[in-house]
Amino acid sequence: MTVTFEVRDGVGTIRLDRPPMNALDVAIQDRLRELAEEATRREDVRSVILYGGEKVFAAGADIKEMQAMDHTAMVLRSKGLQDAFTAVARIPKPVVAAVTGYALGGGCELALCADFRIAADNAKLGQPEILLGLIPGAGGTQRLARLIGPSRAKDLIFTGRMVKAEEALALGLVDRVVPAAEVYEQAYAWAAKLAKGPALALRAAKESIDAGLETDIDTGLTIERNWFSGLFATEDRERGMRSFVEEGPGMATFG
């Protein structure tokens with residue numbers, strides 16, 4: 001398989017495995033959608049890691065495959081491409097991208113679908129589609145601008161330039177830079193910690209933030225209020241508050 005899914009102690013790892021560069025062809029795109037939907041359904045999956053292996057995250061789309069497509073073919077395919085990445089972005093659980101080596105084009109767009117990005121100190125990220133006479137087509141023009149702001153996104157997309165890990169950190173494109181050998185280990189630690197948290201509250205937090213960013217502040221506050229009050233019907237809320245009163249803050253355990 002070119003994409004695999006393994007679950008350990010509540011943490012599901014979606015692993016790209018198409019050497020040498022994890023080029024994102026149509027088969028990988030469709031498989032990503034299937035696995036994102038599986039991660040969404042499975043109750044034993046409480047957090048997710050996106051990983052491309054020790055050497056490279058994903059160096060972009062399969063250009064040879066795309067070159068053979070004409071306008072009609074891409075009109076038919078482009079929604080499937082976006083749907084695959086949207087399925088990853090909408091996993092209602094914490095998702096972290098463990099970025100090693102290159103994360104370019106579709107690879108960068110896949111990392112943008114995560115809630116948190118941990119990058120190797122040798123990582124390079126970018127949206128080089130402009131150099132092919134194209135623009136990002138898997139969400140890059142939308143998710144990148146929302147993450148780092150429109151002017152910074154335009155700089156990267158207009159020029160197609162790659163940024164090294166430290167600049168990516170300064171831009172807010174990644175959230176943490178670590179030695180290359182520690183990327184997966186630290187991503188797993190982040191995911192494992194959240195896998196032990198209150199699943200419904202984490203889902204509520206993620207959906208409130210993501211949905212709120214797409215609307216006005218009043219609608220966003222309504223979304224937050226509905227989730228906040230709804231959580232009072234959950235066992236995790238009862239357990240968390242009881243533990244706080246009896247044992248103090250930060251001592252609750254969740255099933």
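Residues numbered from 1 in each chain as written. Predicted model: local features only at pLDDT ≥ 70, side-chain atom pairs only at ≥ 80, totals over all residues. Heavy atoms only, no water.

## Looking at the environment of arginine 146
Here comes step 1: Mapping arginine 146 onto the fold places it in helix α5 (residues 140–148).
Here comes step 2: Along the primary structure arginine 146 and leucine 213 are separated by 67 residues, whereas in three dimensions their C-alpha atoms are 8.4 Å apart.
Here comes step 3: Within the local environment of arginine 146, its side chain forms a polar contact with the side chain of glutamine 142, the two groups lying 3.1 Å apart. (Helix = DSSP H or I, 4+ residues; strand = E, 2+ residues; numbered from the N terminus. Polar contact = N/O pair within 3.5 Å; in protein donor to acceptor, adjacent residues only side chain to side chain.)

## Some words on a negative patch on the surface
Here comes step 1: The grouping of Asp121, Glu166, Glu182 and Glu185 at the surface amounts to a negative patch.
Here comes step 2: Looking at the secondary structure, you find glutamate 185 in helix α8 (residues 183–195). (Patch = residues over 30% accessible without salt bridge, like charges linked within 9 Å, V, L, I, M, F, W, Y side chains within 5 Å. Areas by Shrake-Rupley, 256 points an atom, 1.4 Å probe, with all protein chains shown as cover. Salt bridge = Lys/Arg side-chain N within 4 Å of Asp/Glu carboxyl O. Lys, Arg positive; Asp, Glu negative; His and termini not counted. Charge placed at Lys NZ, Arg CZ, Asp CG, Glu CD.)

## Comments concerning the pattern of salt bridges
Here comes step 1: For the coordinates displayed, the defined rule picks out 17 salt bridges.
Here comes step 2: Its salt-bridge partner being aspartate 62, residue arginine 18 comes within 3.1 Å of it at the nearest N-O pair. Within this pair, whereas arginine 18 is found in the loop between β2 (11–16) and α1 (26–41), its partner aspartate 62 is found in the loop between β3 (47–51) and α2 (63–67), the two being separated by 44 residues in sequence.
Here comes step 3: Through salt bridges with shared partners, a single network forms among Asp30, Arg33, Glu37 and Arg77.

## Some points on helix α9 (residues 199–212)
Here comes step 1: If you check α9, its first and last C-alpha atoms are 20 Å apart, about what 14 residues at 1.5 Å a residue would give, namely 20 Å.
Here comes step 2: All buried positions along α9 are accounted for by Ala204, Lys206 and Ser208.
Here comes step 3: As for α9, its buried residues are in contact with α3 (71–89), β4 (95–99) and α10 (217–230). (Expected span 1.5 Å × (residues − 1). Buried < 20%, exposed > 50% of the residue type's maximum accessible area, 1.4 Å probe, protein only. Contact = heavy atoms within 4.5 Å.)

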